Every structure is written in structure tokens, then in C-alpha cells.
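# Fold and contact review
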Amino acid sequence: MWTDYKDADIYFTIADSRFHTLNFVYERFQRSIPSHSHGNGSYEIHYIAQGRGRALINGVSYEVTPGTLYVTGPHVEHAQSPILEDPMCEYCIYLKTEKRRKSVSSFPAGEKELLSAFENTPFWFGQDTQRVGALMVEIFEELQSRRTGCIFQVEALLRQLLVNLVRNYEKSVRQKAPKPAAARDK
């Protein structure tokens, strides 16, 4: 199964970066994807809805299971291989970013921090704990239905998706952070 939306041509802006969604793909993997990377300002957001496989990212092998979420940013080498008895099904969104000139004072509250956290995490791998998978499904349903306001709705969902990605990053950092010595001694 393969669903691909290349013609959506959706743009949205966060702080001083313009995001362009180049491709939305849902695929059931029957083949391996060879190692590759993308250029400056390019990101792929991968969400595994079902099935299993392996991802090789920057030379490290990762087990992929339902609920796995990972982001590959600029120059991050990545490849995927399904386990053919239970092939993975993946939602993937390919984004291209470009910087725009804007006065720092004109950013809505929190946008600069959100963008910084996203851009400073060119690779992240883990389990989705922030509803990214549900947002991916909703985005694809909107693109398929083409109802009134579809593009506006997808823009809003993509913004939400980036917020939830960053929250996944932050949650994994908090979970792995050691407790301060004073807290351990109590």
C-alpha cells in the first residue's frame, strides 16, 4: 500500500523559518530503503503505525516497532528495512525549511524557543508520547477528504505536530536526566 500527496504544496511559518511540505507518504514496506540523507533545511518525520523493522541511522541500528517516532534532519544518514513477516507501515512527512528575515520582537510568544528546539535536534528516535501518530493520521485524512478548509486545517495540524515533536524531545530528556544529589539523599 502506498499513499502519496506531492501536490499539497502547503507552507507555514514559525518564527523566522518558512516550512514547505514537499511530500506526505504512507507506505507499507515490502522493500528496504537504502541509506541516504537530505540537504540543508530538510527534515523527515517518520511515524511507524504498525509492523516492525530496523532503521540504520548514522551507522547505529534501531529496532522499529508500532509507535516508533523518529526525525531525520539535514545530513542525517538513514535507511530502513522491514521485517517481512510483519512489515512496518509508516507515515512520513518531508519538510523543507528556509530562513526569512523578521524582527525578533515580532515573533509570537514561544515560537523562537519552539523553532530552536526543532532545529537543534537534527535526529531524534523514540516512542511517541505526545499524540504525533494521531496527528499524522488526521493530516492524511484531511488530505484525502479535500473538504472545505482542508489546507488551513493541515497547516494548523502541522504546527501542532511540530509542538508535539518538541515535547517528545523534551520528555525524553527529562526522563533520562539524573536526579540531583540532594533529591536522592532524601
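As shown above, the structure is provided for reference.
Reference entry: report on the structure contained in this document.

Turning our eyes to something else, we now look at the overall build of the protein. For the protein, the count of helices and strands is 4 helices and 11 strands. By the burial criterion, 45% of the 186 residues in the protein qualify as buried. Looking at the protein alone, contacts between residues at least 24 apart form 76% of all its contacts between residues at least 6 apart. With the model as given, the accessible surface of the protein reaches about 10,000 Å², and the carbon-plus-sulfur share is 51%.

Bringing the pairing of strand E5 (residues 42-50) into the picture now. Most of E5 sits inside the fold, with 7 of its 9 residues counted as buried. Where E5 lies against strand E10 (residues 89-99), 8 bridges are found, and the strand directions are antiparallel. Within E10, the position partnered with Glu44 by the bridge is Tyr94. Pairing geometry for E5 and strand E8 (residues 68-72), over 4 bridges, is antiparallel. Across the sheet, the residue bridging to Glu44 is Thr72, located in E8.

Okay, the layout of surface pockets next. In this structure, the largest pocket occupies an estimated 260 Å³ of space. As for the largest pocket, its lining consists of 16 residues, of which Glu27, Ile33, Glu44, Glu90 and Cys92 are closest to the centre. The set of elements that each furnish at least two residues to the lining of the largest pocket consists of strand E3 (17-28), strand E4 (33-36), E5 and E10. A breakdown of the residues in the lining of the largest pocket according to their chemical character gives 7 nonpolar, 5 polar and 4 charged.

The next subject is the pattern of salt bridges. Counted according to the given criterion, the structure contains 5 salt bridges. Note that Glu119 is salt-bridged to Lys99, the shortest N-O span being 2.9 Å. Here the residue Glu119 occupies a position in helix H1 (residues 111-119), and Lys99 occupies one in strand E10, the gap between them amounting to 20 residues. The residue Arg147 makes a salt bridge to Glu142 at a minimum N-O spacing of 2.8 Å. Look at Arg147 and you get exposed, because its relative accessible area is 52%. Within the structure, one salt-bridge network assembled from shared partners comprises Asp16, Lys99 and Glu119.

The sheet built from 4 strands is open, its strands ordered E4-E9-E6-E7 with antiparallel pairing. At either end of the open sheet lies a strand with only one pairing partner, and these are E4 and strand E7 (60-64). The sheet shows a mean angle of 20° between the axes of neighbouring strands, direction not considered. Here strand E6 (residues 53-57) pairs with E7 via 5 bridges, running antiparallel.

Below, the discussion takes up the nonpolar core. As a rule of thumb, nonpolar side chains are buried together in soluble globular proteins. The biggest cluster of nonpolar side chains holds 38 residues, and the ones touching the most others in it are Phe24, Ile45, Ile139, Leu162 and Leu165. Put simply, the parts of the chain that give this core at least two residues each are strand E2 (10-14), E3, E5, E8, E10, H1, helix H2 (132-145) and helix H3 (150-176). Here the element with the most residues in this core is H3; it accounts for 9 residues. Those residues in contact with Leu165, other than ones at most four positions away along the chain, are Ile45, Leu69, Val71, Phe118 and Val132. Grouped together as the second largest cluster of nonpolar side chains are 9 residues, Phe29, Ala55, Ile57 and Val64 included.

Parameters and conventions
Residues numbered from 1 in each chain as written. Predicted model: local features only at pLDDT ≥ 70, side-chain atom pairs only at ≥ 80, totals over all residues. Heavy atoms only, no water. Helix = DSSP H or I, 4+ residues; strand = E, 2+ residues; numbered from the N terminus. Buried < 20%, exposed > 50% of the residue type's maximum accessible area, 1.4 Å probe, protein only. Contact = heavy atoms within 4.5 Å. Areas by Shrake-Rupley, 256 points an atom, 1.4 Å probe, with all protein chains shown as cover. Pairing = 2+ DSSP bridges. 1 Å grid on protein atoms, 1.4 Å probe; cavity = no way out; pocket = protein on both sides within 12 Å on 5 of 7 lines; lining within 4 Å. Points joined across faces, edges and corners; volume = space filled by probe spheres on them. Nonpolar A, V, L, I, M, F, W, Y, C, P; charged D, E, K, R; others polar. Salt bridge = Lys/Arg side-chain N within 4 Å of Asp/Glu carboxyl O. Axes fitted to C-alpha atoms, helices over the stretch in contact; angles between N-to-C directions. Core = buried A, V, L, I, M, F, W, Y, C linked by side-chain atoms within 4.5 Å.

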